[in-house]
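One letter stands for each residue in the lines below.
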Amino acid sequence: FYPHNRIIMPLAIDLLNPSAEKLASQHKLKRLVQSPNSYFMDVKCPGCVSISTVFSHAQTVVVCTSCSQVLCQPTGGKARLTEGCSFRKKKMF
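Predicted, not measured: the structure shown is a model, and the values here were computed from it. (Residues numbered from 1 in each chain as written. Predicted model: local features only at pLDDT ≥ 70, side-chain atom pairs only at ≥ 80, totals over all residues. Heavy atoms only, no water.)

Draft legend 1. Focus on a nonpolar patch on the surface. On the surface, a nonpolar cluster with roughly 340 Å² of combined accessible area is contributed by L11, I13 and L15. When you line up the elements, L15 lands in the segment before α1 (20–25). Take L15: its relative accessible area is 56%, and that puts it in the exposed class. (Patch = residues over 30% accessible without salt bridge, like charges linked within 9 Å, V, L, I, M, F, W, Y side chains within 5 Å. Areas by Shrake-Rupley, 256 points an atom, 1.4 Å probe, with all protein chains shown as cover. Salt bridge = Lys/Arg side-chain N within 4 Å of Asp/Glu carboxyl O. Helix = DSSP H or I, 4+ residues; strand = E, 2+ residues; numbered from the N terminus. Buried < 20%, exposed > 50% of the residue type's maximum accessible area, 1.4 Å probe, protein only.)

Dropping the structure here:
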């Protein structure tokens, strides 16, 4: 076995530059840079069209401040928005 006769084989995947789909499917602590799965979102009430800020993994029922309509229901993980509600993710910074 001689060191100059070794064959250098490239890796099948790039470990330093994973794809966005791969990062999204990985556990939050096993990503290249740790990041949470939760986020804050602006939810528009279908009844009165006012906007409320809701946590994505809310553990309580969230109601609209002006018309008292239910905006989202808690589940085991992410909160489920009621039908007719539209949302957008808030920017982190």
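Draft legend 2. Region of interest: the sheet that holds strand β6 (residues 86–89). The strand order β2-β1-β6 describes an open sheet built from three strands, whose pairing is antiparallel. Here the strands that pair on one side only, and so sit at the sheet edges, are β2 (51–55) and β6. Neighbouring strand axes in the sheet, compared pairwise and without regard to direction, differ in orientation by 30 degrees on average. As defined by bridge partners, strand β1 (residues 40–44) adjoins β6 across four bridges and the pair is classed as antiparallel. In the sheet register, D42 faces β6, and the bridge partner there is R88. (Pairing = 2+ DSSP bridges. Axes fitted to C-alpha atoms, helices over the stretch in contact; angles between N-to-C directions.)

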